[in-house]
Each structure stands twice: as structure tokens, then as C-alpha cells.
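Chains, contacts and geometry: an overview
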Amino acid sequence: MPKGPVHSEIEKRLTAELAPTALNVINDSASHHGHAGDDGSGESHFTVEIEAEAFAGQSRLNRQRMVNRALGDMMRDKVHAMVIKAKAPGE
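The paragraphs below set out a description of the structure included in this document. These figures come from a predicted structure and were not determined experimentally.

It is worth spelling out the sheet that holds strand β1 (residues 22-27) at this point. With mixed pairing, the three strands of this open sheet are ordered in space as β1-β2-β3. Edge positions in the sheet fall to β1 and β3 (81-87), since each has one partner strand and no second. In this sheet, adjacent strand axes meet at a mean angle of 10° when their direction is disregarded. Here β1 pairs with strand β2 (residues 45-51) via six bridges, running antiparallel. By the bridge assignment, Asn27 is partnered in β2 with Phe46. With respect to the sheet, helix α2 (residues 60-71) is in contact with β2 and β3, its orientation differing from that of β3 by roughly 125°.

This is how it looks when you write it as C-alpha cells:
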């Protein structure tokens, strides 16, 4: 399945803000079709697996906040739900 514009924008913003050493953005929208928050775009639910030096010494909550801050308005306007799996290199 080709990457849609929301998927690509998530990758772009996270790369620019957090300089990840590893990044995997997974579109989970198909498994939520017809559920609350499914806007029909096919890009409403995501899982982000990200490894970045910026997460070293940060709590799980702070890591999630850093990802949310990097995505900014996308979390309000384009993404209904996101699972964030954030770690520092070596974890």
C-alpha cells in the first residue's frame, strides 16, 4: 500500500524534529474501519516506532510529549489515534 500524505508528513516532521536513528510509521487505519474516529481517509490511526538520541534520559511520558509536539496540529486535525513506541538507542 503506498504511503498517503498524512503518513508521509508524520515521517517528515519526526525526522526534522527528532533526527531518529530508526523510524517506522505504520498505518493501522484499515483495522479501525467503521470505528469511531475513522474519517474515511484511510489515514486516521497510526503506530509510530521511533528511536532517537533525544529520548535518552527522558521518561515515557516526556517521550510521547516530544513526539506529539513534533507532530503539532496533525494530532488535532488529521490523526485520530496514535500508538507511540519511543526509545533511545541501546534500549
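A few words now on the pattern of salt bridges. All told, the structure shown has five salt bridges when counted by the stated rule. Among the salt bridges present, the one from Lys3 reaches Glu11, with a minimum N-O distance of 3.1 Å. One salt bridge in this structure joins Arg63 and Glu91, with 2.7 Å as the shortest N-O distance. Placement of the pair is Arg63 in helix α2 and Glu91 in the segment after β3, with a sequence separation of 28 residues. One continuous salt-bridge network, built from bridges that share partners, spans Glu9, Arg13 and Asp73.

Burial along β3 is one-sided: the face carrying Met82, Ile84 and Ala86 is buried and the face carrying Ala81, Val83, Lys85 and Lys87 is not. Across seven bridges, the pairing between β2 and β3 is parallel. Bridge pairing in β3 places Glu51 opposite Lys87.

We now examine the nonpolar core. Ranked by size, the top nonpolar core spans 20 residues in total, and within it Ile10, Leu14, Leu18, Ile50, Phe55, Val67 and Met82 carry the most contacts. For this core, the elements supplying multiple residues, two or more each, are α1 (5-18), β2, α2 and β3. Not counting residues within four places of it along the chain, the set of residues in contact with Met82 comprises Ile10, Phe46, Val48, Leu71 and Met75.

We now examine unusual backbone geometry. We note that Ala19 has phi near 45°; this positive angle belongs to a residue other than glycine. Turning to its location among the elements, Ala19 is positioned in the loop between α1 and β1.

What counts as what
- Here the residue index of a chain counts from 1 through its sequence in written order.
- Selection of residues for local features in this predicted model requires a pLDDT of at least 70, selection of side-chain atom pairs for listing and counting requires 80 or more, and totals for whole chains, interfaces and linings are taken over all residues.
- Hydrogens and water molecules were not included; the side-chain quantities draw on all heavy atoms of the structure.
- A strand pair is defined by DSSP finding two or more bridges across the two strands.
- Only runs of H or I of at least four residues qualify as helices and only runs of E of at least two qualify as strands under DSSP, and these elements are numbered from the N terminus.
- The axes used here are C-alpha line fits, helices contributing only the stretch in contact, and every angle between their N-to-C directions lies in the interval 0 to 180 degrees.
- Should any heavy atoms of two residues lie within 4.5 Å, those residues are considered in contact.
- The working definition used for a salt bridge is a side-chain nitrogen of Lys or Arg within 4 Å of a carboxyl oxygen of Asp or Glu.
- Exposed residues in this analysis have more than 50% of their type's maximum accessible area, buried residues have under 20%, and partly exposed residues fall in between, with area computed by a 1.4 Å probe over protein chains only.
- We call a set of buried Ala, Val, Leu, Ile, Met, Phe, Trp, Tyr and Cys residues a nonpolar core when their side-chain atoms join them within 4.5 Å.

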